[in-house]
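Structure at a glance
Here is what each chain is made of, one letter per residue.
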Amino acid sequence: MTLLKDEDKATAKIHPSSAVALQDVLRDGQTIAVGGFGLSGIPADLIDAVRDSGVKDLTVVSNNMGIDGKGLGVLIEAGQVRKVIASYVGENKLFAEQYLSGQLEVEFAPQGTLAERLRAGGAGIPAFYTRTGVGTLVAEGKPLEEFDGVTYVRERGIVADVALVHAHTADTDGNLIYRYTARNFNPVVATAGIVTVAEAEVIVQPGELDPNHIVTPGVYVQRLVQASGRPKDIEQRTVRTRTEAPAV
């Protein structure tokens, strides 16, 4: 066994690019959990690296599948996704076409249930009960149980082979801080991966982060890469016509 020097330990998780961080991690047929909400807080560089790797037959777990040509939509376009577990998919036309044609398998999960399935998987909880979805297609084929006169459906926790997340700030130990809306599915996704790879806009040295602000402890993050300075896309831009101010 090779022991790392202190200076090497500080950068052991850092990789020079998303492609390098994922090159010996990705395999055909894996389950990949991806953080983000719409196009907000998505690990865009890591998603592009998955596309460029050419892996296929993936099961993707995410709040949504992006839009055509953006976010996880690029994996749909590349034909790399076999199954999707998501709570919302309404913004991606190609996704809808592949689903309706039977090319893509889809497992819909209520948004809170999906978040809890990821949290449970990261916490080592194999299953839990919830009232959400009882009496609907969501509960079809799943075990039901009655507690205190109320019926609940059993949902399985999710553990992904690979988890991809985007953080605003990280230190080289992999401790992560999220910013604004990016603190959505990223924290639960980060804990649910057997291997978690994070991209961060700012990377600092250990000790520079306020421990009270750290959301994901570095123990959950195996690899870290500097996020590129690409523009952050807006899923839907809605504006109104500017009216002239009345003359005074």
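A brief look at the structure comes next. Computed from a prediction, not measured in an experiment: that's the story for all the values here.

To continue, consider the overall build of the chain. Per the secondary structure count, the chain includes seven helices and 12 strands. Scaling as 2.2 N^0.38, a compact globule of 248 residues should have a C-alpha radius of gyration of about 18 Å, and the chain matches this with 20 Å. If you line up the chain on its principal axes, its C-alpha atoms span 70 × 55 × 40 Å. Out of the 248 residues belonging to the chain, those deemed buried represent 44%. Contacts in the chain between residues far apart in sequence, at least 24 positions, make up 72% of those at least 6 positions apart. Accessible area for the chain stands at about 13,300 Å²; split by element, carbon and sulfur atoms hold 51% of it. Of the side-chain charges in the chain, 24 are positive and 31 negative, and the distance between the mean point of each set is 1 Å.

Let's shift gears to the environment of Gly71. Mapping Gly71 onto the fold places it in the loop between strand 3 (58-61) and helix 4 (73-77). In this structure the C-alpha to C-alpha distance between Gly71 and Ile42, which are 29 residues apart in sequence, comes to 7.0 Å. When sequence neighbours within four positions are dropped, the list of residues in contact with Gly71 reads Leu39, Ile42 and Ile47.

On the secondary structure map, Gln98 appears in helix 5 (residues 93-100). Judged by relative accessible area, Gln98 falls into the buried class, the value being 8%. Apart from the residues within four sequence positions on either side, Gln98 is in contact with Ile76, Gln103 and Leu104.

Attention shifts here to helix 6 (residues 111-122). Here helix 6 contains 12 residues, and its C-alpha end-to-end distance of 17 Å stays within 8% of the 16 Å for a straight helix at 1.5 Å per residue. Among all positions in helix 6, only Thr113, Leu114, Arg117, Leu118, Ala120 and Gly121 are buried. Looking down the long axis of helix 6, one finds its buried residues gathered within 160° of arc, a one-sided arrangement. The first or second residue beyond helix 6 is Gly124, which carries a positive phi of 80°.

The alternating pattern of strand 6 (residues 127-130) places Phe128 and Thr130 on a buried face and Ala127 and Tyr129 on a face that is not buried. In this sheet, strand 8 (residues 150-156) lies alongside strand 6 in antiparallel orientation, the contact comprising four bridges. By the bridge assignment for strand 8, Thr130 is matched with Val153.

Turning our attention to the packing of aromatic side chains. Under the counting rule described, the total for this entry stands at three aromatic pairs. Summarising the aromatic geometry, the rings of Tyr129 and Phe147 are spaced 5.2 Å apart at their centres and angled 65° between planes, so their arrangement reads as edge-to-face. In this pair, Tyr129 is assigned in strand 6 and Phe147 in strand 7 (residues 144-147), connecting sequence segments 18 residues apart. Given a relative accessible area of 32%, Tyr129 falls into the partly exposed group. Ring plane angle 75° and centroid distance 5.5 Å describe the contact between Phe147 and Tyr152, whose orientation is recorded as edge-to-face. Given a relative accessible area of 35%, Phe147 falls into the partly exposed group. Through pairs of rings, three or more aromatic residues link up here, namely Tyr129, Phe147 and Tyr152.

Under the criterion given, the structure shown has 10 salt bridges. Glu105 serves as the salt-bridge partner of Arg82, at 3.6 Å between the closest nitrogen and oxygen. In this pair, Arg82 sits in strand 4 (residues 81-86) while Glu105 sits in strand 5 (residues 105-108), placing the two residues 23 residues apart along the sequence. Between Lys142 and Glu155 there is a salt bridge, with the nearest N and O atoms lying 3.0 Å from each other. Pair noted here: Lys142 is in the loop between strand 6 and strand 7 and Glu155 is in strand 8, with a separation of 13 residues, a long-range link. Taken together, the salt bridges that share partners define one network made up of Arg82, Lys83, Glu105, Glu107 and Arg117.

The next thing to look at is the sheet that holds strand 6. Strands sit in the order 6-8-7 across an open sheet of three strands; the sheet is antiparallel. Looking at the sheet topology across the chains shown, the edges are occupied by strand 6 and strand 7. Ignoring which end each strand starts from, the neighbouring axes of this sheet average 40° apart. Where strand 7 meets strand 8, four bridges bridge the pair, whose relative direction is antiparallel. Bridging across to strand 8, Glu145 finds its partner in Tyr152. Strand contacts of helix 6: strand 6 and strand 8, with the helix running at about 155° to strand 6, the strand carrying the most contacts.

Basis of the calculations
Residues numbered from 1 in each chain as written. Predicted model: local features only at pLDDT ≥ 70, side-chain atom pairs only at ≥ 80, totals over all residues. Heavy atoms only, no water. Helix = DSSP H or I, 4+ residues; strand = E, 2+ residues; numbered from the N terminus. Rg over C-alpha atoms; globule rule 2.2 N^0.38 Å. Buried < 20%, exposed > 50% of the residue type's maximum accessible area, 1.4 Å probe, protein only. Contact = heavy atoms within 4.5 Å. Areas by Shrake-Rupley, 256 points an atom, 1.4 Å probe, with all protein chains shown as cover. Lys, Arg positive; Asp, Glu negative; His and termini not counted. Charge placed at Lys NZ, Arg CZ, Asp CG, Glu CD. Expected span 1.5 Å × (residues − 1). Arc of directions from axis to C-beta. Pairing = 2+ DSSP bridges. Phe/Tyr/Trp six-rings, centres within 6.5 Å; stacked < 30°, edge-to-face > 60°. Salt bridge = Lys/Arg side-chain N within 4 Å of Asp/Glu carboxyl O. Axes fitted to C-alpha atoms, helices over the stretch in contact; angles between N-to-C directions.

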